[in-house]
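The chain contents come next:
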Amino acid sequence: MSKLRVAVLGAKGRIGAEAVRAVEAAEDMELVAALSRGDKLETLVEAGTQVVVELTTPASVMGNLDFCVRHGIHAVVGTTGWTEERLAQLGTSLAASPETGVLIAPNFSIGAVLTMKFAEAAAPYFESVEVVELHHPNKVDAPSGTATRTAQLIAAARERAGSAPQPDATVTALDGARGADVDGVPVHAIRLRGLLAHQEVLLGGEGETLTIRHDSLHHSSFMPGILLGARRVVTTPGLTFGLEHFLDLG
Ligand SMILES: NC(=O)C1=CN([C@@H]2O[C@H](COP(=O)(O)OP(=O)(O)OC[C@H]3O[C@@H](n4cnc5c(N)ncnc54)[C@H](O)[C@@H]3O)[C@@H](O)[C@H]2O)C=CC1
Ligand SMILES: O=C(O)C1=N[C@H](C(=O)O)C[C@H](O)C1
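Residues numbered from 1 in each chain as written. Chains lettered and ligands numbered in written order. Predicted model: local features only at pLDDT ≥ 70, side-chain atom pairs only at ≥ 80, totals over all residues. Heavy atoms only, no water.

Comments concerning the confidence of the model for the chain
Filter applied, for reference: The quantity called pLDDT is the predictor's confidence in a given residue, expressed from 0 to 100.
On average, the chain scores 98 in pLDDT, and the residues at 70 or more come to 100%. For this predicted complex, the interface confidence score (ipTM) comes to 0.99, while the overall pTM stands at 0.97.

Next up, the structure:
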């Protein structure tokens, strides 16, 4: 069987460099290009790329995806910075190239995907819920894409369940002291040397709390998800948001 022709964008970055190694090690894949900032995107076409793994920056991702979709190259995207406006813009590009698939995964690690699922399930059963994400200090965006998505899923679950607004008697607060408000869920971002990517979802009810915590200790935690995404996206046209759609989580 012919190998899947995969390229990595952001190949010299922290996760991109790990993805290059993972694709090279995958028996069913061939790494046909590994591009860094300033490299020509036309290389992707010349190399016969079927799937791009996009791991760059929020400032670069839209231009890269526009090129890929216009050329019918499928994409697996880990880069953060997704807003409703950006998703709509991508949707418009995909509508003009209906056979192309794009997977955007706020997090490729199975533990983080499960954290989101567990938090979504638990949220309606507790009065209070807050998200704390902790990352290495070189991260350029806050809060993390994972924390933003987690808070959105929590808020949607609480809305579906008709949950009351969270109790919070704060009258005065320094700017930022109560975190960022993501659909009514406070999200706190910590940047600390020594950390990689971590998240806690804190839930509180009368006389009890529940803490759901996930730790990515190495970039290898994201690789099985990236490889799975690359295999599946070629037969999944359109936009898929979240790796959970490619997993059988019940
Ligand atoms: N979804 C997930 O599971 C994960 C997502 N990420 C996200 O991936 C992105 C990259 O993270 P890191 O590797 O830590 O950042 P990084 O800063 O180490 O790497 C980004 C790389 O992309 C390069 N780059 C920028 N523009 C480019 C362009 N137009 N073409 C090619 N390369 C370009 C930069 O020069 C840099 O080498 C971030 O948005 C991060 O949040 C990171 C880890 C896991
Ligand atoms: O920048 C990172 O490192 C990570 N970014 C993603 C995010 O913003 O959620 C995924 C993971 O947290 C690592």
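Re the pairing of strand β6 (residues 128-135)
Going by this rule: Three exposure classes are used, based on accessible area relative to the maximum for each residue type with a 1.4 Å probe and protein chains only: buried under 20%, partly exposed in between, and exposed over 50%. Put simply, DSSP H or I for four residues or longer makes a helix, DSSP E for two residues or longer makes a strand, and each gets a number counted from the N terminus. Strands are treated as partners if at least two bridges between them are detected by DSSP.
The element β6 is extensively covered by neighbouring structure, given that seven of its eight residues are classed as buried. The pairing of β6 with strand β9 (residues 197-205) spans eight bridges and is classified as antiparallel. If you follow glutamate 133 over to β9, its bridge partner there is glutamine 199. Note that β6 and strand β8 (residues 185-191) share five bridges and pair parallel. Along β8, the bridge assignment pairs histidine 135 with arginine 191.

A look at the site of ligand 2
Defined as follows: What makes a residue near a molecule or strand is one non-hydrogen atom of that residue sitting within 4 Å of it. Within 3.5 Å is the distance limit for a polar contact, defined as a pair of N or O atoms, with the added protein rule that one can donate a hydrogen and the other accept it, and that residues adjacent in sequence qualify only through two side-chain atoms. Here the Shrake-Rupley method, with its probe set to 1.4 Å, supplies the accessible areas, and only the displayed protein chains count as covering residues. Residues were grouped as follows: Ala, Val, Leu, Ile, Met, Phe, Trp, Tyr, Cys and Pro as nonpolar; Asp, Glu, Lys and Arg as charged; and all remaining residues, including Gly, as polar.
Lining the immediate surroundings of ligand 2 are Thr80, Pro106, Asn107, His135, His136, Lys139, Ser144, Gly145, Thr146, Ala197 and Phe222. In the environment of ligand 2, an oxygen atom lies 2.6 Å from a nitrogen or oxygen atom belonging to the side chain of histidine 135. A distance of 2.7 Å is found between an oxygen atom of ligand 2 and a side-chain nitrogen or oxygen belonging to lysine 139. In the complex, the protein chains occlude 85% of the 320 Å² of accessible area that ligand 2 would expose alone. Split into classes, the residues belonging to the shell around ligand 2 amount to three nonpolar, seven polar and one charged.

Here's the deal with empty space enclosed by the protein
Filter applied, for reference: Lining residues are those with an atom within 4 Å of a point, where the points come from a 1 Å grid over the protein atoms alone and group into cavities, where a 1.4 Å probe fits but cannot get out, or pockets, open sets with protein on both sides within 12 Å along at least five of seven lines. Grid points are joined across faces, edges and corners, and a volume is the space filled by probe spheres set on the points.
Following the criterion strictly, the structure yields one cavity of 30 Å³ or more and no others. Volume-wise, the largest cavity comes out at about 80 Å³. Taken together, Asn107, Ala112, Thr115, His135, Ser144, Thr146, Ala197, His198, Gln199, His214 and Ser216 make up the lining of the largest cavity. Elements that contribute at least two residues to the lining of the largest cavity include exactly α5 (110-122), β9 and β10 (208-216). Residue contributions to the lining of the largest cavity peak at three residues, all from β9. In terms of residue class, the lining of the largest cavity is made up of two nonpolar, nine polar and no charged.

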